[in-house]
Amino acid sequence: AFIAPRFHTNQAQIVRYLKARGADVSFFVAGIGQSEVHEDVVPIPFEFLNHRLLRRCMNSFSANPYFSLYRYGIPRLSSLLKLIKDRPDLAVIRTPITAVGLITSFLFRVLGTKLVFYTQTPLFRIDRGVKDKLLNMYAKVMGAVWITPCRGQAVLGAPLANARFFPFSALPHCYKKDWFQDGRISILMVGKFLPRKRHDLLLNALARLPDPSLFRV
């Protein structure tokens, strides 16, 4: 079972991988986005006790309604019973230091379900805040494996004690193309331009090619 604010594209490949190997995969979310594609799994939205109050607050203050529901929402008993109905062997919980994360992780811990905590915290970072230390302690107490797709840079400090680097995966789509505009390969990237996204890694890799002028990013 996956528990997350919403079904994200970067989780599609692992879901596809698990289902191809015979696993039954369920995905519980705080909300469903209009741009999501549910070819591999249909997310199941939580119902919340304090949904109306949160919605009213989010309309005024929050730019990310799904994560706000996930952070502060209290799932109804009916949603929790639906979550544990099939007694999953493994629960992957996104950002566990939230209302939904804490409630579901404690519930699965009582049931003896193996836990995986998933965040996008850099494995290597100089300044470790209270949140990182708290999650590190919580993962240890709950016996959970903590994974992150963000490695950071090893020169920036020691790695998190209980976290493991688990990068996003995607199958390559190889195809033949007869022509390229201006004789160069164009790479278009759409998304947030943030340091943790490591766009610089791609640019540095292209710069090391024998003829980097073949690429336009």
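Scroll up for the structure.
Now for a look at the structure at hand. If you're wondering where the values come from, they're calculated on a predicted model, not measured in any experiment. Residue positions within a chain follow its written sequence, with the count starting from 1. The model is predicted, so local features are restricted to residues of pLDDT at least 70 and side-chain atom pairs to those at 80 or more, both for listing and for counting; the totals for chains, interfaces and linings are taken over all residues. Calculated side-chain values reflect all of the structure's heavy atoms, with hydrogen atoms and water omitted.

1. A few points about the packing of helix H4 (residues 77–84) against helix H5 (residues 99–111)
The contact between H4 and H5 brings their axes to 11 Å, and the two run at 45°. One element, H4, and the other, H5, form an angle in the oblique class. Every pair of crossing elements has a handedness; the one defined by H4 and H5 is right-handed. On H5, the residues touching Leu 80, Leu 83 and Ile 84 of H4 are Ile 103, Thr 104, Leu 107, Phe 108 and Leu 111. Grouping the amino acids of the contact of H4 with H5 by side-chain chemistry returns seven nonpolar, one polar and no charged. In this description, a line fitted to the C-alpha atoms serves as the axis of each element, helices being fitted only across the stretch in contact, and the angle between N-to-C directions of two axes falls anywhere from 0 to 180 degrees. Elements are defined by DSSP. Helices are runs of H or I of four residues or more, strands are runs of E of two residues or more, and each kind is numbered from the N terminus. Small angles under 35 degrees read as roughly parallel and large ones over 145 as roughly antiparallel, with 65 to 115 read as roughly perpendicular and the rest as oblique. In this scheme the crossing of two helices becomes right-handed for a clockwise turn of the near helix relative to the far one and left-handed for an anticlockwise turn of less than a right angle. Any pair of residues with heavy atoms lying within 4.5 Å of one another is described as a contacting pair. When residues are sorted by character, Ala, Val, Leu, Ile, Met, Phe, Trp, Tyr, Cys and Pro go into the nonpolar class, Asp, Glu, Lys and Arg into the charged class, and all the rest, Gly among them, into the polar class.

2. Focus: the sheet that holds strand E3 (residues 44–45)
Note: two strands are recorded as paired if DSSP finds a minimum of 2 bridges between them. If you trace the seven strands from one edge of the open sheet to the other, you get E3-E2-E1-E4-E5-E6-E7, paired in parallel fashion. A single partner strand is all that each edge strand has here, and the edge strands are E3 and strand E7 (163–165). By the bridge criterion, two bridges tie strand E2 (residues 27–29) to E3 in an arrangement that is parallel. For Val 29, the partnering residue across the bridge sits in E3 and is Pro 45. Sheet strands touched by helix H6 (residues 130–142): strand E5 (114–118) and strand E6 (145–148). Its angle to E5, the strand with the most contacts, is close to 165°.

3. Quick word on the packing of aromatic side chains
Both the distance between ring centres and the angle between the ring planes are used here to describe each pair of aromatic rings. Aromatic pairing here means that ring centres of Phe, Tyr or Trp (its six-membered ring) are within 6.5 Å. Orientation follows from the plane angle: under 30 degrees is stacked, over 60 is edge-to-face, and everything else is tilted. Applying the stated criterion to the full structure yields seven aromatic pairs. For the ring pair Phe 117 and Tyr 138, a centre distance of 5.6 Å and an interplane angle of 5° mean the geometry is stacked. Here the residue Phe 117 occupies a position in strand E5, and Tyr 138 occupies one in helix H6, the gap between them amounting to 21 residues. Relative accessible area decides the class of each residue, using a 1.4 Å probe on protein chains only: under 20% of the type maximum gives buried, over 50% gives exposed, and in between gives partly exposed. Assessed through its relative accessible area of 0%, Phe 117 is described here as buried. Classification of Tyr 138 as buried rests on a relative accessible area of 17%. Through successive ring pairs, a cluster of aromatic residues spans Phe 2, Phe 7 and Phe 27. Whether a charge lies above a ring is judged from NZ of Lys or CZ of Arg, which has to be within 6 Å of the ring centre and within 35 degrees of the ring normal. The cationic tip of Arg 94 hangs over the ring face of Tyr 118; the distance from NZ or CZ to the ring centre is 4.8 Å.

4. Here we look at the pairing of strand E4 (residues 90–94)
For E4, the tally of buried residues reaches four of five residues, placing the bulk of the element in the interior. Pairing geometry for E4 and E5, over five bridges, is parallel. Across the sheet, residue Ala 91 finds its bridge partner in E5, namely Leu 115. A crossover links E4 with its parallel partner E5, the connecting element being H5, and its sense is right-handed. Seen with its strands pointing away from the viewer, a crossover is right-handed if its path from the first strand over the helix to the second goes clockwise.

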